Amino acid sequence: TDAIITALGMSPQQLKSDAAALRETAKAAGTEEALLGSKPMLEIKAYPKVPPLKYSYAFGAGMLTLMPLVEVKPSDDAIDRWVGALEIDPAKGKMLKRDFAFFESSQDKLAEMRQMMAEMQASAKRKEAAKLKEQAEAAAAEAAAEAAAEEAASEGAKEPAA
């Protein structure tokens, strides 16, 4: 990611520092209203309408990351509130909603894949356990047969010859 950031003419260190500062601002604000009224958010609000704010997936991900920091569950309603409060073009809000829906869908699919992988591992372990049980039963039966053969041979040796 640092290579992409550098290729775009930005400093990876500055970007990380700005992100950390924004997270700290959100934590310090504590509430949605306080965060939306904070200096960094007011800078977004003050962004000139011409040319309009360039929406990117990274911008949307940043907005969605900030929401839980002020105890806001990301949702279409929350997105509408933030887009309105920051006076962002509603078309950009639709893009954010689309990206959020994609993110949620991806998270659901990831959870389903993890569940499927866990079920596959459990099935493989059950098969392995059954195989080991069969091997143990076969070894026990073989050992019992050998013990019976040895006992029979031992008893045959004890009988006097007639």
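Attention here is on the structure that accompanies the text. Quantities reported herein were computed from a predicted structural model and do not represent experimental measurements.

Here is what the cut-offs are and how they apply
Every chain begins its residue count from 1, and numbering advances along the sequence as written. The predicted origin of the model limits local features to residues at a pLDDT of at least 70 and limits the giving and counting of side-chain atom pairs to 80 or more, whereas totals for whole chains, interfaces and linings rest on all residues. As a convention, hydrogens and water are excluded, and side-chain values are obtained from all of the structure's heavy atoms. Every definition here rests on a 1 Å grid over the protein atoms only: cavities are sets of points where a 1.4 Å probe fits but cannot get out, pockets are open sets enclosed by protein on both sides within 12 Å along at least five of seven lines, and lining residues have some atom within 4 Å of a point. Grid points are joined across faces, edges and corners, and a volume is the space filled by probe spheres set on the points. Runs of H or I in DSSP of at least four residues are treated as helices and runs of E of at least two as strands, each being numbered from the N terminus. When residue character is reported, Ala, Val, Leu, Ile, Met, Phe, Trp, Tyr, Cys and Pro are called nonpolar, Asp, Glu, Lys and Arg charged, and the others, Gly included, polar. Note on terminology: a nonpolar core comprises buried Ala, Val, Leu, Ile, Met, Phe, Trp, Tyr and Cys residues joined through side-chain atoms within 4.5 Å. For every residue, the accessible area (1.4 Å probe, protein chains only) is compared with the maximum for its type, and the residue is labelled buried under 20%, exposed over 50%, or partly exposed between those bounds. The criterion used for residue contact is that any of the two residues' heavy atoms lie within 4.5 Å. A patch is a set of surface residues, each over 30% in relative accessible area and not in a salt bridge, joined within 9 Å for like charges and within 5 Å for the nonpolar side chains Val, Leu, Ile, Met, Phe, Trp and Tyr. Reported accessibility uses the Shrake-Rupley method at a 1.4 Å probe radius. Residues are deemed covered only where the shown protein chains occlude them. When a carboxyl oxygen of Asp or Glu is within 4 Å of a side-chain nitrogen of Lys or Arg, the pair counts as a salt bridge.

The space that makes up the largest pocket amounts to roughly 1000 Å³. Lining the largest pocket are 24 residues, with Leu15, Leu22, Ala58, Phe59 and Gly62 positioned closest to its centre. For the lining of the largest pocket, the elements supplying multiple residues, two or more each, are α2 (12-29), α4 (39-45) and α5 (57-69). It is α5 that provides the largest number of residues to the lining of the largest pocket, a total of seven residues. The residue inventory of the lining of the largest pocket, partitioned by class, reads 16 nonpolar, three polar and five charged.

One finds Leu35, Met41, Met63, Met67, Ile79, Trp82 and Leu86 to be the most contacted residues of the largest nonpolar core, which totals 20 residues. Listing elements by their share of this core, those giving two or more residues are α3 (32-36), α4, α5, α6 (76-85) and α7 (90-158). Those residues within four positions of Ile79 in sequence are excluded, and the remaining contacts are Leu64, Met67, Gly93, Leu96, Lys97 and Phe100.

A word on a nonpolar patch on the surface. Side chains of Ile4, Leu8, Met10 and Leu15 sit close together on the surface and give an oily, nonpolar patch of about 390 Å² of accessible area. Note on placement: Leu8 falls in the loop between α1 (2-7) and α2.

A word on unusual backbone geometry. The backbone phi angle of Glu71 is positive, close to 60°, even though this residue is not glycine. Within the fold, Glu71 resides in the loop between α5 and α6. By relative accessible area, which is 75% here, Glu71 ends up exposed. Of note, Glu87 is a non-glycine position whose phi angle comes to about 55°, a positive value. Here Glu87 is to be found in the loop between α6 and α7.

Spatial relationships are all this shows, so hold off on functional conclusions.
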